[in-house]
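# Inside the fold
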Amino acid sequence: MEHSMSENSCQLCAVEKLNFEPPPIYCTPCGARIKRNAMYYTIGAGDTRHYFCIPCYNEARGDTIVVDGTSVPKARMEKKRNDEETEEWWVQCDKCEAWQHQICALFNGRRNDGGQAEYTCPNCYIAEVERGERKPLPQSAVLVAKDLPQTTLSDHIEKRLANSLKEEREKRAKREGKGYDEVPGAEGLVVRIVSSVDKKLEVKPRFLEIFQEENYPLEFPYKSKVLLLFQRIEGVEVCLFGMYVQEFGSECAQPNHRRVYLSYLDSVKYFRPEIKTVSGEALRTFVYHEILIGYLEYCKKRGFTSCYIWACPPLKGEDYILYCHPEIQKTPKSDKLREWYLSMLRKAKEQNIVVELTNLYNHFFISTGECKAKVTAARLPYFDGDYWPGAAEDMIYQLQQEEDGRKQPKKGTIRKTITKRALKASGQFDLSGNTSKDLLLMQKLGETISPMKEDFIMVHLQHACTHCCSLMVSGNRWECKQCENFQLCDKCYEIEQKLEDRERHPINQKDKHTLYQCEVKEVPHETKDEDEILESEFFDTRQAFLSLCQGNHYQYDTLRRAKHSSMMVLYHLHNPTAPAFVTTCNICYLDIEAGQGWRCEVCADYDVCNACYQKDGGIDHPHKLTKHPSLAERDAQNKEARQLRVSQLKKMLELLVHASQCRFPHCPYVNCRKVKGLFRHGIQCKIRVSGGCVLCKKMWYLLQLHARACKVSECHVPRCRDLKEHLRRMQQQADSRRRAAVMEMMRQRTAEVAGGSG
């Protein structure tokens, strides 16, 4: 290395220039990814920057283009080429004056105190320790993954994982004829839930219209959770695995009652050690499977009845959770990914955690055997970001277009397209109201889902009634010992007893089977969550975390970058308001770096920078000002201090809502007038966020934070509706890209089969 180094090389890796991967950019109107080196138009700044591909720009006639319902002059847009490159940042050692990449040095630019923090490079640090001039920092001085709040769920998974790994290591040692400590094992694993928040999923309008007469829910409440796995590799914690789940509890209406949806799962291939287990699978796979089985076990104990998994690999070049995967890590094809999930679920079945495995199509679209459940879209579980709700909305629109284009009366044409056989199979004989639309939708959805039905995995954690298909959580289960997987709930058993012999189980057979009573036990009355709410704006949605990583170049494509990115993720988690919510001086309105200002303990949100404080000593303020804590002091703060920071931010958001509704010119609320002043500033400001206005930046951050959490449909907070619409559209476009990729994959698969048979 020393021979290849020049004065422009990094003193740690011996490389000169290293470029980050350019973040993907998408066209705002059509959602298509703008290709590398392609021309595009752009306007705005930060999270609200809009991009337009050339076709969309040209399609907009006239001098304006509509963005989120607002007309923007084309003349204000900037034409660019998607060829920008960002070089990795550098830092200079204050001792030896050598330059190093910030990533190589594991340097946290967020803690740089405005460039005033002293930096000692690893080489000088080691030399000082060896000379006795410096004592090594204790491990406790740095907040790590273990310091993140523990929950009942994370403890359950961590404990189970430790026991399973110990058992597996013992088996390996026995097979190799060695002692337990002589065979390698996975060390330094930490599981944490980093976000656990209540959310509401609104049902899409076209679908809702079909079932409005049946009192179909307008929305479904659920809890969104994010799980991360960290491992200490070469002395540094690396985030290896992430999972987003949606939990619809006992308080949620059907069809989502007591159901769980595994929405996203992602990992990067840096797990240590890279060895195989006794069964022949990678130890990495064994660990990830154990986390999922542990989660399913926890859900079953809490009283959930089923879990749904859409085995859908990400698009080439796109990421689900962790940004920018290593090149050596191949994106699995759907059959490989499906088998990965199924092998995990087979293990869970052996341990009696999973009762039965099926798929969405077989369970809801076809009535086989003695199943008497109605085939209707109203029975399909409705999840955020799942395949079918988005596809259904597109199909309903297509059906409406077809109907509008026909000359014959609507009812007649619908009746002709639904055969008597289809009616009989669905268990519906009435075509009044919206029933015909429901049947057509199920027919169309079924045709689309059928070729890829194995990818929509349904996991039963409790037994399903053969007749009505409901999952049993109380009463009795009436089981047939002669037939596999035949059981009835109390309600269906009572109906069964009143039927004539030929209609009883097994139907159309002379010999009838006896059904044995089996009490349904150990299913809690409600799916109460013992864990507290854990809010994190960075992990609120998958898209929010990806945006944080893309905007800050937190990449996982190499181990050195994965270490630095994980360090920064932990920094954000331990300092939930520090990096994003920059404190502003109330006198000069400039940002105050951490540890460089003074705060009033009486007034909420009154801060003064060092320069302004030194000018007048705070005499213009009626209360005593205390110095901001330094970075070292802030890092030493415990869990209570972290919660205090979050509560302060909540107060600011409450103040925002209050000020937007307050009509009193002399409001007694201390900071109400100040926020109103910020509103007025936002309307009049000519510099704006794009020009770097500090006040606009602060206001914009608060408005975005509010919009993410706001559940009020007619909210008075400025731009709330626009921002919600912006977030909704981004999510919709991501879902549409995912569905389009699935359909393209199915077309390719069909073409390959046709080509092979030809």
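Residues numbered from 1 in each chain as written. Predicted model: local features only at pLDDT ≥ 70, side-chain atom pairs only at ≥ 80, totals over all residues. Heavy atoms only, no water.

Named according to an unreviewed UniProt entry, the protein is histone acetyltransferase originating from Solanum stoloniferum. Looking at the protein in UniProt, the text filed under Subcellular location (unreviewed entry) is "Nucleus". Among the UniProt annotations of the protein, the heading Function (unreviewed entry) holds the following wording: "Acetyltransferase enzyme. Acetylates histones, giving a specific tag for transcriptional activation." (UniProt positions renumbered as here; feature names shortened; annotations may be inferred.)

Tracing the backbone through its elements, the reader meets Tyr180 in the loop between helix H3 (152-176) and strand E8 (189-202). Along the backbone, Tyr180 and Glu170 are 10 residues apart, and their C-alpha atoms lie at a distance of 5.9 Å. Among all residues touching Tyr180, those that are not within four sequence positions of it are Lys166, Arg169, Glu170 and Ala173. (Helix = DSSP H or I, 4+ residues; strand = E, 2+ residues; numbered from the N terminus. Contact = heavy atoms within 4.5 Å.)

We now examine the sheet that holds strand E18 (residues 597-600). With respect to topology, three strands assemble into an open sheet ordered E19-E18-E20, the strand pairing being antiparallel. Looking along the sheet, the strands with just one partner apiece sit at the ends: strand E19 (607-609) and strand E20 (625-627). Neighbour-to-neighbour, the strand axes of this sheet turn through a mean angle of 30 degrees, independent of strand direction. Pairing analysis gives three bridges linking E18 to E20, with the strands arranged antiparallel. Bridge assignment links Arg599 to a residue of E20, and that residue is Thr626. (Pairing = 2+ DSSP bridges. Axes fitted to C-alpha atoms, helices over the stretch in contact; angles between N-to-C directions.)

What follows is about the packing of helix H8 (residues 387-405) against helix H11 (residues 435-449). Their axes nearest at 10 Å, the elements H8 and H11 cross at an angle of 125 degrees. Our classification of the angle between H8 and H11 gives oblique. Crossing of H8 against H11: the hand is right-handed. Between H8 and H11, the contacting residues are Tyr387, Trp388, Ala391, Ala392, Met395, Ile396, Gln398, Leu399 and Glu402 on the first element and Leu440, Leu441, Lys444, Leu445, Thr448 and Ile449 on the second. (Parallel < 35°, antiparallel > 145°, perpendicular 65-115°, else oblique. Left-handed = near helix turned anticlockwise from the far one by under 90°.)

On to H11, then. For H11, built from 15 residues, the straight-helix expectation of 21 Å at 1.5 Å per residue is met to within 8% by its first-to-last C-alpha distance of 21 Å. In terms of burial, H11 is largely enclosed, as 11 of its 15 residues are buried. Within H11 the residues assigned to the buried category are Thr435, Ser436, Asp438, Leu439, Leu440, Leu441, Met442, Leu445, Gly446, Thr448 and Ile449. (Expected span 1.5 Å × (residues − 1). Buried < 20%, exposed > 50% of the residue type's maximum accessible area, 1.4 Å probe, protein only.)

Moving on to the side chain of Ser154. Within the secondary structure, Ser154 sits in helix H3. The exposure class of Ser154 is buried, given its relative accessible area of 0%. Non-local contacts of Ser154, meaning those with residues more than four positions away in its chain, are made with Val191, Arg192 and Ile193.

Moving on to the pattern of salt bridges. For the structure shown, the criterion picks out 33 salt bridges. Notably, a salt bridge pairs Glu88 with Arg560, separated by 2.8 Å at the nearest N-O pair. Placement of the pair is Glu88 in the loop between strand E5 (78-81) and strand E6 (90-92) and Arg560 in helix H14 (residues 559-574), with a sequence separation of 472 residues. The network of salt bridges with common partners includes Asp198, Lys223, Lys225, Glu247, Arg302 and Asp529. (Salt bridge = Lys/Arg side-chain N within 4 Å of Asp/Glu carboxyl O.)

Per the counting criterion, the structure on display carries 27 aromatic pairs. With centroids separated by 6.4 Å and ring planes inclined at 80 degrees, the aromatic side chains of Phe271 and Tyr288 adopt a geometry described as edge-to-face. Of the two residues, Phe271 sits in the loop between strand E11 (259-267) and helix H5 (283-302) while Tyr288 sits in helix H5, which places them 17 residues apart along the sequence. Just as Phe271 is buried, Tyr288 falls in that class too. (Phe/Tyr/Trp six-rings, centres within 6.5 Å; stacked < 30°, edge-to-face > 60°.)

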